[in-house]
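An overview of the molecular structure
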Amino acid sequence: MGFDLDFALASVPAILGAIGMTLLVAVTSCFGAAALGFCLEIVRRRGGFVGLGVRFLIDFIRATPVLVWLYCLYFILPFYGVRLSALTVGIAGLSLYYSGYLAEVFKAGIDAIAKGQQEAARALGISRLDTVVFVIAPQMLRNIAAPMGNYFVSILKATPYLAVLAVPEMLGAAFDIASDTYRYAEPLTVAGIIFLALALAISQGVKWLEKRLAVSTVR
């Protein structure tokens, strides 16, 4: 049984019909992972028992598979009275998992900032929160645009994990077609090409952001 191009083209509309869900999960998880990862890194830098606890949490997150987090949130939380929809579990699971990796990215970006920047902010009487938001964050972003973009691509590629929770994303749509027709090559190839196009779009967006940040730095 060879590759049927006509059948592959016929499966495109059904798979594209799920692209909205894939993008919703990916974009929301990217923002969630970035926000949570940044907060984890800031808290870790406070030191003490809280800092040690957050450091352990980050290492624990990075040492466990993403499917473990998805299964725990979806199957274990209901035993304690917490019931979340499959979509909410998927977004929360991906956000939590990749926050551990982005926390390390943020750590490298902050370490690259001269310590005199924070000392100058304290000398001027700027609050800790304003220092983080207006002094550290903008400079950190210039240092981590590329690695952060790589993890955003990884989050996009991780959205098919949500198929185990019956979230109707693109790979799930491709498997639905395959299970109905017993033809796997065509729908999976179409899904792979669409994922490739989305990943390339994110990569181009990151390159554009790097150029914009470089220009603002020069100015």
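The chain is annotated in an unreviewed UniProt entry as Polar amino acid transport system permease protein of Aquamicrobium defluvii. Under the UniProt heading Sequence similarities (unreviewed entry), the entry covering the chain gives this text: "Belongs to the binding-protein-dependent transport system permease family. HisMQ subfamily."

Describing the pattern of salt bridges
As enumerated under the stated definition, the model contains six salt bridges in all. The partner of Arg 44 in a salt bridge is Glu 104, and the shortest N-O contact between them spans 2.9 Å. Pair noted here: Arg 44 is in helix H2 (residues 19-44) and Glu 104 is in helix H5 (residues 86-111), with a separation of 60 residues, a long-range link. Looking at Arg 44, the relative accessible area reads 9%, which means it is buried. A relative accessible area of 25% means that Glu 104 is categorised as partly exposed. A salt bridge links Asp 111 to Lys 107, with the shortest nitrogen-to-oxygen separation between them at 3.2 Å. One end of the pair, Asp 111, and the other, Lys 107, are both in helix H5, four residues apart, so they sit about a helical turn from each other. A cluster of three or more residues bridged by salt bridges with shared partners is formed by Glu 41, Arg 44, Arg 45, Glu 104, Lys 107 and Asp 111.

Observations regarding the UniProt feature "transmembrane region" (unreviewed entry) in the chain
Mapped onto this numbering, the UniProt entry annotates "transmembrane region" (unreviewed entry) at residues 12-40, 52-76, 82-103, 149-168 and 188-209. Structurally, residues 52-76 comprises 92% helix and 0% strand, and the distance from its first C-alpha atom to its last is 27 Å. Across residues 149-168 one finds 50% helix and 0% strand; the C-alpha atoms that close the span lie 25 Å apart.

A look at the environment of Gly 17
Tracing the chain through its elements places Gly 17 in the loop between helix H1 (5-16) and H2. Sequence separation between Gly 17 and Tyr 184 is 167 residues, and the spatial gap between their C-alpha atoms is 18 Å.

Remarks on the nonpolar core
Counting 34 residues, the largest nonpolar core has Leu 94, Tyr 97, Tyr 98, Leu 102, Phe 106, Met 140 and Phe 152 as its most contacted members. Dropping the residues within four chain positions of it, Leu 102 is found in contact with Ala 33, Ala 34, Met 148, Tyr 151 and Phe 152. Among the nonpolar cores identified, the runner-up in size contains 16 residues, and Met 170, Ala 173, Ala 174 and Ala 199 belong to it.

Considering the side chain of Thr 64
As for its position among the elements, Thr 64 is in the loop between helix H3 (48-63) and helix H4 (66-76). There is a polar contact of 3.2 Å between the side chain of Thr 64 and the backbone oxygen of Phe 60. Within the structure, the side chain of Thr 64 is placed 2.7 Å from the side chain of Trp 69, a separation counted as a polar contact. Thr 64 has contacts with Trp 69 and Tyr 97, leaving out every residue within four places of it along the chain.

Quick word on the layout of surface pockets
The volume enclosed by the largest pocket comes to roughly 350 Å³. What lines the largest pocket is a set of 16 residues, among which Val 27, Cys 30, Phe 31, Phe 152 and Ile 202 lie closest to the centre. At the level of secondary structure, the elements contributing two or more residues to the lining of the largest pocket comprise H2, helix H7 (128-158) and helix H9 (185-218). At six residues, the largest contribution of residues to the lining of the largest pocket is made by H2. Partitioning the lining of the largest pocket into residue classes produces 14 nonpolar, two polar and no charged. Its volume calculated, the second largest pocket comes out at about 200 Å³. Ile 42, Arg 45, Ile 110, Gln 118, Arg 122, Arg 128, Thr 131, Val 132 and Ile 136 are the residues that line the second largest pocket.

Examining H5
Across its 26 residues, H5 extends 37 Å between first and last C-alpha, which sits within 8% of the 38 Å expected from 1.5 Å per residue. Its axis deflected by about 35 degrees at Ser 99, H5 carries its strongest bend there.

Overview of unusual backbone geometry
A positive phi angle is found at Ala 166, which is not glycine, with a value near 70 degrees. By the element assignment, Ala 166 lies in the loop between H7 and helix H8 (170-181). Within the chain, Tyr 182 stands out as a residue other than glycine whose phi angle is a positive 60 degrees. Accessibility expressed as a relative area gives 66% for Tyr 182, which makes it exposed.

What counts and how
Every chain's residues receive numbers from 1 upward, in the order its sequence appears when written. The predicted origin of the model limits local features to residues at a pLDDT of at least 70 and limits the giving and counting of side-chain atom pairs to 80 or more, whereas totals for whole chains, interfaces and linings rest on all residues. As a rule here, side-chain values cover all heavy atoms of the structure and leave hydrogens and water aside. UniProt positions are given in the numbering used here, feature names are shortened, and annotations may be inferred rather than shown by experiment. Definition used for salt bridges: Asp or Glu carboxyl oxygen within 4 Å of a side-chain nitrogen of Lys or Arg. What counts as a helix is a DSSP run of H or I of at least four residues, what counts as a strand is a run of E of at least two, and both are numbered from the N terminus. Here's how the labels work: a residue is buried when its accessible area is under 20% of the maximum for its type, exposed when over 50%, partly exposed in between, all with a 1.4 Å probe on protein chains only. Among buried residues, those of type Ala, Val, Leu, Ile, Met, Phe, Trp, Tyr and Cys that are joined through side-chain atoms within 4.5 Å constitute a nonpolar core. A contact between two residues is defined here by any heavy atoms of the two lying within 4.5 Å. We define a polar contact as two N or O atoms separated by no more than 3.5 Å, with the added condition that, inside protein, one atom must be a possible hydrogen donor and the other a possible acceptor, whereas residues neighbouring each other in sequence contribute only through side-chain atom pairs. The definitions used throughout rest on a 1 Å grid laid over the protein atoms alone, on which a cavity is an enclosed set of points accommodating a 1.4 Å probe that cannot get out and a pocket is an open set flanked by protein within 12 Å on both sides along at least five of seven lines; lining residues are those having an atom within 4 Å of a point. Grid points are joined across faces, edges and corners, and a volume is the space filled by probe spheres set on the points. For this classification, the nonpolar set comprises Ala, Val, Leu, Ile, Met, Phe, Trp, Tyr, Cys and Pro, the charged set comprises Asp, Glu, Lys and Arg, and every other residue, Gly included, is treated as polar. Under the convention used throughout, the expected extent of a helix is 1.5 Å for every residue step, that is, one less than its residue count. Working definition for bend: take the seven residues up to and ending at a residue and the seven starting at it, fit an axis to each, and measure the angle between the axes.

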